[in-house]
Amino acid sequence: MKNVLIVGGGIIGLSSALYLKASGFDVTVIDKSDFLDNCSYGNAGYVCPSHFIPLATPGIVKQGFKWMLNSKSPFYVQPRLSRSLLEWGIRFIQSATAEKVEKAAIPLRDIALLSQKEYETWARTPGFEFAYEHKGLLEIFQTEAKREHAIHALEKARELGLGARMLDESELHALEPGTKIRSMGAVIYDCDSHLYPNRLMRSLMERLKSMGVRLIPNEEVKQFETAKGLVRKLITTSDYDVDQLVVATGSWSREIAFLLETRIPMVPGRGYSITLENPGYMLNHPAVLMESRVAITPMDGNKMRFGGTMEITSTTSPPRMNRVLGIIGAVKKYFPDFEVPVPSLDKVWYGFRPCSADGLPYIGRIKKFRNVVIATGHSMLGLSLGAGTGKLVDEIICEKNTSMDISPFAVERFS
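Quick look at the structure, then.

Another aspect to go through is the state of the cysteines. This model, assessed by the stated rule, comprises zero disulfides. Cysteine Cys 191 shares no disulfide, and the gap to the nearest cysteine sulfur, in Cys 48, comes to 8.7 Å. Here Cys 355 is not disulfide-linked; the sulfur of Cys 39 is the nearest cysteine sulfur, at 9.0 Å.

Here it is in structure tokens:
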């Protein structure tokens, strides 16, 4: 039985482990932490085919410069002397064209639908419980500019075969009668679903352990031993033999890829969230507040999660409480009856999303070593695309026909 060594214990690495183990491989997952604090836990929990517009858009470049002066803004790039940031920034601006955004829509739709199908299969599996609900996703707007944007996105969604419809204020109130909402209306993407990430990750780890997958915490990759176009060993404080290697290390993947003589333009984008238990109010549907790009998700029956911001910064920079205040302030503008107390920093979750230069993930083999698959760069869509990415990684390693065309996700497409 061949062994597969997976580096990275987030949703991408663990999903890959699930499918690879089912295919008959001996699977080991190594993580630099304890598997319990990565970006797969604190996100909004969306499984969202509606998110077919990548991060790199002409509008975000223009808006980003304006937002750099606002410490509470939804998107922020911390200026610093960094070669990797400069390389990424150049590629990001080059990718932020209408033509490239249009081309990205189909692969982002396809991998999201694949992933959603897999999550639905998981949810039907006895004992695999993660509060999965297919209720749709609201995108709520307050201004004419965002209403126009919503109309265009709705038209494109329908072109792509995704279920979505426009709601006026009264229709929105009918869906959410339990609270006052300040809005001009909303789009509901019936194609979307959501889940409780914390329960998903716990359930997934329990299932992997029961299947015989080894989960090794608190070991950081130091180097690789290679020979004749293959990675033979992975070295942490221990040595691990490698038949097949999967790199799914999220925001740290650029550094791991560099050890494998492969360059991928990527930077970490920090997001923040607050989760309240029994807050005294609830929504029927998850919602995105369009002007502020804040996400609100009802989870697991009695929880509400508020999250957002994309802060392009280093993984060593301290968290900024102003980002959290921006999220709380945005919620109040839309939901005046929602009381979200300002938490102490230790009650705030924050994590780093791996942002590729064009908003598409990197999934596939690399040129230098033929037994290495990289799966990273999912930006804010890591959980949404997690199950589908795991299935694709398994198909790549098993040399099967992949469930979709993965050429747009080529790891070395910028080389």
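Looking now at unusual backbone geometry. The backbone phi angle of Phe 35 is positive, close to 75°, even though this residue is not glycine. With respect to the helices and strands, the residue Phe 35 is situated in the loop between strand S2 (26–30) and strand S3 (46–47). Exposure remark for Phe 35: the relative accessible area of 3% places this residue in the buried category. One non-glycine residue, Lys 228, lies in the positive phi region at around 55°.

Here the focus is helix H10 (residues 386–397). Since the α-helix advances by 3.6 residues per turn, residues separated by three or four positions end up pointing in the same direction. With 12 residues, H10 should cover 16 Å at 1.5 Å per step; its first-to-last C-alpha distance of 17 Å lies within 8% of that length. The element H10 is largely enclosed, with a buried count of 11 among its 12 residues. Among the residues of H10, those classed as buried are Gly 386, Ala 387, Gly 388, Thr 389, Gly 390, Leu 392, Val 393, Asp 394, Glu 395, Ile 396 and Ile 397. Just downstream of H10 lies Glu 399, where phi reads positive at about 60°.

Walk down a regular strand and you will see the side chains alternate between the two sheet faces. With five of five residues buried, strand S7 (residues 185–189) lies mostly within the body of the structure. Residues of S7 alternate between two faces, with Gly 185, Val 187 and Tyr 189 on one and Ala 186 and Ile 188 on the opposite face, all of them buried. The pairing of strand S5 (residues 137–141) with S7 spans five bridges and is antiparallel. The partner of Glu 139 across the bridge, within S7, is Val 187. Bridge count for strand S6 (residues 165–167) against S7 is three bridges, and the pairing is antiparallel. Each bridged residue has a counterpart across the sheet, and for Leu 167 the counterpart in S7 is Ala 186.

On to the sheet that holds S2. One open sheet accounts for six strands, arranged S9-S2-S1-S13-S20-S19; its pairing is mixed. Each end of this open sheet is capped by a strand with a single partner; those strands are strand S9 (214–216) and strand S19 (362–365). On average, adjacent strands in this sheet sit at an angle of 15° to one another, irrespective of strand direction. Here three bridges tie S2 to S9, and the two strands are oriented parallel to one another. For Ile 30, the partnering residue across the bridge sits in S9 and is Ile 216.

What counts and how
- Residues numbered from 1 in each chain as written.
- Predicted model: local features only at pLDDT ≥ 70, side-chain atom pairs only at ≥ 80, totals over all residues.
- Heavy atoms only, no water.
- Disulfide = S-S within 2.5 Å.
- Helix = DSSP H or I, 4+ residues; strand = E, 2+ residues; numbered from the N terminus.
- Buried < 20%, exposed > 50% of the residue type's maximum accessible area, 1.4 Å probe, protein only.
- Expected span 1.5 Å × (residues − 1).
- Pairing = 2+ DSSP bridges.
- Axes fitted to C-alpha atoms, helices over the stretch in contact; angles between N-to-C directions.

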